[in-house]
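Residues per chain are reported as follows:
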Amino acid sequence: MRTVQVYIEGQRLDLFDDETINVTSSQQNVQDISKVFSDFSQSFSVPASATNNAIFEHFYQNDVDSTLDFNIRRNANIEIDLTPFRTGKISLEKSEVKNNKAYSYQITFYGDLVSLKDTFGEDFLTDLDHLQTFNFTYDATNVKNRIIDGATDYDARFPLISTERSWQYGGGGSNDISVGAGAIAYNDLFPCLKISKIFEAIENKYTIDFQGTFLADKRFTECFLWCRPGDLLPTDIPGTNTQNLSFDTIGQFLEYEYIGTSEAGQGSHQVTLNITPSNDTIQYTVLVYDFGTPFTTITGTGQQALAIIDEPDAPESLSRIFSFQVFAAFPMDIEATVVKSFTSFGEDPTSPGDFIETVLTDAYSTPSYSLLGQVNFNNLIPRMKVEDFFAGILKEFNLTCYALSSNVYQVEPLTDWYSKGAIVDITEYTDIESIKIDRVKLYKKIVFEYEKSQSVINKRFFALYNREYGNLEAEFNYDGGEYKIKVPFENLQFSKFSGTNLQVGYVLNESLEKYENKPILLYNTGNFANTFKFDNGSSIETLSACQIFGQDLNHENTDYSLNFGNEVSTFLLTPVTFGLYGTYYFPYLANLFNLKNRETSVKTILPISLLTNLRLNDRVIIRDKRYVINDMKSNLTTGEVNFTLLNDFSPLISDGQSPSIDPLLPSLGSQCIDVRILFPNNAVSAAITTTASGVTITPNSLTSDGTVNICIPANTNTLQLIKTEDDADFINTENFIRLSTEQGSVHIYTITVTYTYADGTTVANQIFIQQQP
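The structure presented is a predicted model; accordingly, all values stated were derived computationally and were not measured. (Residues numbered from 1 in each chain as written. Predicted model: local features only at pLDDT ≥ 70, side-chain atom pairs only at ≥ 80, totals over all residues. Heavy atoms only, no water.)

Let's shift gears to the overall build of the chain. Within the chain one finds eleven helices and 49 strands. The proportion of buried residues among the 773 residues of the chain is 51%. When the accessible surface of the chain is summed, it comes to about 34300 Å², and 46% of that surface belongs to carbon and sulfur atoms. (Helix = DSSP H or I, 4+ residues; strand = E, 2+ residues; numbered from the N terminus. Buried < 20%, exposed > 50% of the residue type's maximum accessible area, 1.4 Å probe, protein only. Areas by Shrake-Rupley, 256 points an atom, 1.4 Å probe, with all protein chains shown as cover.)

Sheets are built from strands paired through backbone hydrogen bonds, the pairs being either parallel or antiparallel. The strand order E11-E34-E33 describes an open sheet built from three strands, whose pairing is mixed. The two strands at the open ends of the sheet, each matched to only one other strand, are strand E11 (161–162) and strand E33 (495–496). As judged from the two bridges shared by E11 and strand E34 (residues 503–506), these two strands associate in the parallel manner. Its bridge partner lying in E34, serine 162 is registered against tyrosine 506. (Pairing = 2+ DSSP bridges.)

Enumeration over the complete set of coordinates arrives at one disulfide. With its sulfur 1.9 Å from that of its partner, cysteine 672 forms a disulfide with cysteine 711. Looking along the S-S bond of the cysteine 672-cysteine 711 disulfide, the torsion reads about 105°, which is the right-handed sense. Remark: cysteine 711 occurs in strand E47 (residues 706–712) and cysteine 672 occurs in strand E43 (residues 671–677); sequence separation between them is 39 residues. Looking at the unpaired cysteine 192, the closest cysteine sulfur is the one in cysteine 227, lying at 7.3 Å. The buried category is assigned to cysteine 192, whose relative accessible area is 0%. (Disulfide = S-S within 2.5 Å.)

Bringing the packing of helix H2 (residues 112–120) against helix H7 (residues 386–396) into the picture now. When two helices pack together, their arrangement is given by the angle between the helix axes and the distance between those axes. Between H2 and H7, whose axes approach to 8 Å, the crossing angle comes to 140°. Here H2 lies oblique to H7, going by the angle between them. Counted together, Leu116, Lys117 and Phe120 of H2 and Val386, Glu387 and Phe390 of H7 form the full contact between these two elements. (Axes fitted to C-alpha atoms, helices over the stretch in contact; angles between N-to-C directions. Parallel < 35°, antiparallel > 145°, perpendicular 65-115°, else oblique. Contact = heavy atoms within 4.5 Å.)

Moving on, we come to the pattern of salt bridges. Taken as a whole and assessed by the stated rule, the structure comprises 24 salt bridges. Put simply, glutamate 122 and lysine 385 hold a salt bridge, and the shortest N to O gap is 2.4 Å. On the criterion of sequence distance, the pair formed by glutamate 122 in the loop between H2 and strand E9 (136–137) and lysine 385 in the loop between helix H6 (377–380) and H7 is long-range, its members being 263 residues apart. Classification of glutamate 122 as exposed rests on a relative accessible area of 55%. Judged by its relative accessible area of 26%, lysine 385 falls in the partly exposed class. In this structure, the salt-bridge partner of lysine 445 is glutamate 473, at a minimum N-O distance of 3.6 Å. Residue lysine 445 is located in strand E30 (residues 445–451), and its partner glutamate 473 is located in strand E31 (residues 472–475); the two are separated by 28 residues in the primary sequence. A single network of salt bridges, built from pairs that share partners, joins Asp217, Arg219, Asp416 and Arg676. (Salt bridge = Lys/Arg side-chain N within 4 Å of Asp/Glu carboxyl O.)

Attention now moves to helix H4 (residues 195–206). Helix length check: H4, at twelve residues, gives a terminal C-alpha distance of 17 Å against a target of 16 Å (1.5 Å per residue), a fit within 8%. By the criterion of burial, H4 is predominantly enclosed, with nine of the twelve residues buried. The set of residues buried in H4 consists of Ile195, Ser196, Lys197, Ile198, Phe199, Ala201, Ile202, Glu203 and Tyr206. Where H4 ends, the next residue or the one after it, threonine 207, has phi of about 55°, a positive value. (Expected span 1.5 Å × (residues − 1).)

Below, the discussion takes up the sheet that holds strand E14 (residues 209–211). Across the sheet, three strands lie side by side as E14-E27-E26; this open sheet has mixed pairing. Edge positions in the sheet fall to E14 and strand E26 (399–405), since each of these pairs with one other strand and no more. The average angle at which neighbouring strand axes cross in this sheet is 30°, direction not considered. Where E26 lies against strand E27 (residues 408–413), six bridges are found, and the strand directions are antiparallel.

Turning our attention to helix H9 (residues 456–465). Within H9, the full set of buried residues consists of Val456, Ile457, Asn458 and Phe461. Contact partners of the buried residues in H9: E33 and E34.

Further remarks concern the packing of H4 against H7. Two numbers describe how H4 lies on H7: the axes approach to 12 Å, and their chain directions differ by 135°. By the criterion of interaxial angle, the relationship of H4 to H7 is oblique. Of the two possible hands of crossing, H4 and H7 adopt the one that is left-handed. Between H4, through Ile195, Ile198, Phe199, Ile202 and Tyr206, and H7, the contact on the second element is made entirely by Val386, Phe389, Phe390 and Ile393. A class-by-class count of the residues in the contact of H4 with H7 yields nine nonpolar, no polar and no charged. (Left-handed = near helix turned anticlockwise from the far one by under 90°. Nonpolar A, V, L, I, M, F, W, Y, C, P; charged D, E, K, R; others polar.)

Attention now goes to the packing of aromatic side chains. Under the counting rule described, the total for this entry stands at 40 aromatic pairs. Seen in terms of ring centroids, phenylalanine 448 and tyrosine 585 are 4.9 Å apart; in terms of plane orientation they differ by 65°. Their pairing is edge-to-face. Residue phenylalanine 448 is located in strand E30, and its partner tyrosine 585 is located in helix H10 (residues 580–592); the two are separated by 137 residues in the primary sequence. For phenylalanine 448, a relative accessible area of 0% gives the class buried. According to the relative accessible area criterion, tyrosine 585 is buried, its value standing at 1%. (Phe/Tyr/Trp six-rings, centres within 6.5 Å; stacked < 30°, edge-to-face > 60°.)

Here we come to the nonpolar core. Ranked by size, the top nonpolar core spans 145 residues in total, and within it Leu160, Ile202, Phe210, Phe389, Ile393, Phe397 and Phe643 carry the most contacts. Tallying contributions element by element places H10 first for this core, with seven residues. In contact with phenylalanine 210, not counting residues within four places along its chain, are Leu116, Phe120, Phe199, Ile202, Glu203, Leu215, Phe390, Tyr409 and Val411. Core analysis: the next-biggest nonpolar cluster, separate from the first, contains 24 residues, Ile673, Phe679, Val695 and Ile769 among them. (Core = buried A, V, L, I, M, F, W, Y, C linked by side-chain atoms within 4.5 Å.)

This part takes up the side chain of aspartate 648. Along the chain, aspartate 648 falls in the loop between strand E42 (640–647) and E43. In terms of polar contacts, aspartate 648 uses its side chain to reach the side chain of arginine 626, at 2.8 Å. At a separation of 3.2 Å, a polar atom in the side chain of aspartate 648 contacts the main-chain amide nitrogen of serine 650. With sequence-adjacent residues up to four places away left out, aspartate 648 is seen in contact with Asn591, Arg619, Arg626, Tyr627 and Val628. (Polar contact = N/O pair within 3.5 Å; in protein donor to acceptor, adjacent residues only side chain to side chain.)

Following this line, the structure appears as structure tokens:
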């Protein structure tokens, strides 16, 4: 038997001598491939000793004034014979009293990932105060620069997405953005914000740290969230000239607690908001919230008395809290007064039998406030829970998340995590007489889905193809059921104007009316020459370049897409192979659905050193076969570990045989490219070298996952394209492949990454850079 130590916030619990503690560990489970799992224990009991009574503050006695909220899990860690095993949190479930004396407490241990979910709680993205860091002055110059400037790395930009009218290019008229009459007004556009900056705001609020080289990868850093909340935000204005307060502090601007009078009986309640603006011609919109929930929207100009409620025959005990937020298209000052009145009818105490009307009024006035004309992301960001956003991004890119230490979490694509596993032979610890081999219970169909879009373009696509744009159904020849992976985002289909590089989106339904969109993710495709008209509020300008947004991103000369399947790109007009499924899901599923795969169940007795160091992405070897860990159930007191395993056919960094990443395909010019270097488990250093001349690597050594900058010279053996007789630039085949001579050739650079482990052993992997002619 082994000795298990359990600590809560540094205090060691007393344990029963014969208590069994079982911990189940799983990171990615074949039965629920879209979820990231964590350690958890079967509930176990600890004695109601003096030590434990102090730690749990006599939970069994509710008349004790406790300083603890027993609904909140507490930081905890488990050791086996004083060797660290897991960190996480412990939840107190219940206590047991025998013969009027406290006997035990029942508790459950949860891994760090569950504690991260607890940390987010019910908070919304609008609660992330750090978003204010990315606010900026809202004016035509800032909007224009964030449309046309491709050289500056803006955290926020303005994609060309219309919520007002159906833009056209050519033909003239008020919707033709190539002429002044149809110019795009700067205050019709909503900004988008990098999702990496939302992750930064999450880190700031909860004092946590997200790590991982993918978080600095262009496929992540150039992904944006469009910031136009659905519900009540008026879309005839950009929603940015607003009293600059975050959602949960609106009450500092205008908040009135409407509490009924102490008079008996029924009456009539009224609440009126009196608005006095500094400019009578500027239209403003008031958003009204009832206990923080959207209640109504009122639009007006000049001085107004806006009726919020008028409720006859209401009880005097009626109690509500109203908050108000004011938007305007242009800066101005505003004053406001809230007036409450309660009118009741009752018997006149001085004249029995006669009834009189009693009117009680109360008012609250604000000082003058200035609408600052500032993009305020706390007001603009979609109103979705932090947990839903975070989980949605994990599903979008098939990312896994696990704790490295307290409040430090690694976030990386699942295939990267698996590739880093060590190879551990557990044959000698395995009960080879009780191995069970089952058929892997797989799904017949896996559906990858976005939220349905009401956009007119998306609706037309559905009418033509009977499926939603960007979704995918991966079908397999199995007898299983259907599994659905759904992300909480809308995949807005864009439209490219013929003969141009100009691509736009429409948050307009089939009646060409704006609709309440779901949160929308966008890729920053890049800066392209375009010509269109822009209304800066005082004149019409001609813009000659534009930052294009949509589903497409070119990274290291390879096209990637936010579509799940191999859709035809609306911008490139060719299919993009590396959609979300092909890039992030296929490698894992290819191993899972391999015809040779089996589900193998084994029993082992692992030594403490192996049990406490084994990671869930390690590959275990039993005799001549290699396996992925689907889950492991550990009895901490006996050392017995029951594994559910899947056969492994995937490449590993630690085997030193297969390339850990696909070849890089840069263009022919001299350039520097960032290359992510992943560390296999238990490696302590890596040396990155090459024998190729003219190539530099910075840095050339690492001690953990990181990115190196590799600079290569130009490929002078350039491709010679076959031209037509009229000297056109190139000839395309039916598959859009440009015909060329045999003169050009790919230049291949081999980069060697040599890993050194703690025991002094080494393993080498190669990265190939195939520079195109």
